[in-house]
Amino acid sequence: MTSSRTLLALLVVLIALPALAFERQDVTFKVFQFPASMAPRIDGNTDDWKIVPDDYAIPMEQFLDTEHPDKAIDKKNLDVKIKVGWVKGQNRLYFLYEAYDNYWDFSLPGLHNDIFEVVVDGDASGGPLVDQVHKDIWDPAVVGVRAAIPDPRLDRDAAARLHGVQAQNYHIFTPPGPNKNWAMEWGCPQYGIDLPYSEHAYKYNFKPGESGNLVLEFYITPFDYAGCEGPWRAVESLLTENKLIGLGLGVIDFDNVDARQRDAFWNLSHQQLWYGDASLLPAFKLMPLEPQFQDTVEKKFPTTGEGFPGGPGGPGGAKPAKPAAAPAK
Ligand SMILES: [Ca+2]
Ligand SMILES: [Ca+2]
Ligand SMILES: [Ca+2]
Ligand SMILES: [Ca+2]
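Here the structure is a predicted model, which means the values were calculated and not measured. (Residues numbered from 1 in each chain as written. Chains lettered and ligands numbered in written order. Predicted model: local features only at pLDDT ≥ 70, side-chain atom pairs only at ≥ 80, totals over all residues.)

Attention shifts here to the overall build of the protein chain. Counting its regular elements, the protein chain contains four helices and 15 strands. Counting all 329 residues of the protein chain, 33% fall into the buried class. Within the protein chain, contacts between residues separated by at least 24 positions form 68% of all contacts whose residues are at least 6 apart in sequence. (Helix = DSSP H or I, 4+ residues; strand = E, 2+ residues; numbered from the N terminus. Buried ≥ 20, exposed ≤ 12 C-beta atoms within 10 Å, placed from the backbone. Contact = placed C-beta atoms within 7 Å.)

Structural data, given as structure tokens:
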């Protein structure tokens with residue numbers, strides 16, 4: 001083999017390797033750790049989020065319309081601010097989504113609806129999360145040459161076995177149109193939009209076609225494995241301090257009920273295909289408690305001394321009994 005052919009073979013191997021990487025490596029977004037005693041209540045009221053410092057907030061400036069990359073942000077058309085939180089010991093991601101839109105489009109059935117789109121990859125495995133029918137994702141440039149070759153033995157059912165399984169895509173309606181669930185989860189893990197895996201609350205005061213502000217508060221549960229079989233076989237992602245997870249956020253803005261096209265597709269990943277390939281998600285870090293919250297009940301009563309402040313080893317614990325003195329002779 002000539003050296004140029006060796007180099008070519010090496011290149012092919014490198015291209016075919018899965019890309020275990022995050023998009024936008026210049027920035028790590030932060031997930032705020034709520035003390036367990038201060039976890040958000042899912043009621044649409046934002047008061048419980050006031051303790052989240054502003055440098056955790058994700059403003060409109062972080063988003064790019066990947067279908068029209070030259071389009072400038074116009075906050076009179078759409079403005080969003082998003083905070084993400086977690087609580088140690090729970091495998092939940094909490095969200096506060098606050099948005100202004102000049103035209104809330106939510107009177108039709110189906111996917112013509114203003115949408116907040118979320119993709120979560122709780123173990124940062126990366127890789128495609130949609131079935132092989134989606135040729136835009138199963139393209140050699142995205143998944144590698146070999147993976148893009150269709151296998152005629154795989155029917156749609158067989159292909160669907162991976163859809164939403166190792167990373168999950170939520171299309172959340174803002175707000176839901178008539179007779180619609182609050183969100184559409186794509187693929188297998190349909191249970192992810194119900195209790196106990198998620199909960200949601202909206203607050204808004206506008207009608208379809210009007211402008212105004214919307215608040216959406218919710219949590220979701222990320223899964224390392226969320227198979228079609230059902231939640232009994234699913235494996236929740238473990239959320240632990242300082243862990244990096246893949247998390248993509250997008251806003252699909254429809255601004256005219258009669259238009260066939262959406263007005264914009266604003267994305268935190270600056271790669272259009274993030275919705276179907278978890279390797280294109282930005283990184284979020286599950287942060288430790290901020291210093292001002294370290295004096296909470298969780299810190300004051302650490303789980304030593306068998307978990308009880310007055311237990312053995314604890315500050316108020318019983319002292320070990322002194323060995324009996326030897327009897328006087
Ligand atoms: Ca609340
Ligand atoms: Ca708009
Ligand atoms: Ca994964
Ligand atoms: Ca809109």
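Having seen the model, we can carry on.
Following Thr174, the chain continues to Pro175 via a peptide bond in cis, the omega torsion being -15°. Relative to the elements of secondary structure, Pro175 occurs in the loop between strand E7 (168–173) and strand E8 (183–185). Cis geometry marks the peptide bond from Leu195 to Pro196; its omega dihedral reads 0°. The phi dihedral of Arg24 falls on the positive side, at around 55°, and the residue is not glycine. Position of Arg24 among the secondary structure elements: in strand E1 (residues 23–33). Despite not being glycine, Asn179 has its phi angle at roughly 55°, a positive value. Relative to the assigned elements, Asn179 resides in the loop between E7 and E8. Owing to 6 C-beta atoms within 10 Å, Asn179 belongs among the exposed residues under this scheme.

Turning to its location among the elements, Gln292 is positioned in the loop between strand E15 (282–286) and helix H4 (297–300). Residues Gln292 and Ile51, 241 residues apart in the sequence, show an inter-C-alpha distance of 9.8 Å.

Bridge analysis of strand E6 (residues 115–121) against E7 gives six bridges, and the strand direction is antiparallel. Bridging across to E7, Phe116 finds its partner in Ile172. Where E7 meets E8, three bridges bridge the pair, whose relative direction is antiparallel. Across the sheet, the residue bridging to Tyr170 is Glu185, located in E8. (Pairing = 2+ DSSP bridges.)

Residues Val84, Leu93, Phe95, Tyr97, Val119 and Val120 are the most contacted members of the largest nonpolar core, which totals 57 residues. If near-sequence neighbours (up to four positions away) are discounted, Val84 is found in contact with Val31, Phe32, Leu93, Tyr94, Phe95 and Phe284. (Core = buried A, V, L, I, M, F, W, Y, C linked by C-beta atoms within 7 Å.)

All right, on to the pairing of strand E13 (residues 244–253) then. Within E13, nine of the 10 residues are buried, which leaves the element mostly enclosed by the surrounding structure. Here E6 pairs with E13 via seven bridges, running antiparallel. In the sheet register, Glu117 faces E13, and the bridge partner there is Gly250. Here E13 runs beside E15; their pairing, made up of three bridges, is antiparallel. Paired with Leu244 across the strands is Lys285, a residue of E15. Pairing of E13 with strand E14 (residues 264–267), which is carried by four bridges, proceeds in the antiparallel orientation. Looking at E14, one finds that Gly250 is bridged to Asn267.

Glancing now at the confidence of the model for the protein chain. Mean pLDDT over the protein chain stands at 89; residues scoring 70 or higher make up 84%. Note on residues 13–19: pLDDT is under 50 here. Beyond four places in sequence and across chains, it has nine contacts. (pLDDT = per-residue confidence, 0-100.)

With that settled, the discussion passes to the environment of Val27. Mapping Val27 onto the fold places it in strand E1. On a C-alpha basis, the gap between Val27 and Phe284 in space is 9.0 Å, while along the polypeptide they are 257 residues apart.

In this section: the environment of Phe95. Assignment of secondary structure puts Phe95 in strand E5 (residues 93–101). For Phe95, a count of 23 C-beta atoms within 10 Å corresponds to the buried category. A C-alpha to C-alpha distance of 9.6 Å links Phe95 and Trp49, two positions 46 residues apart in sequence.

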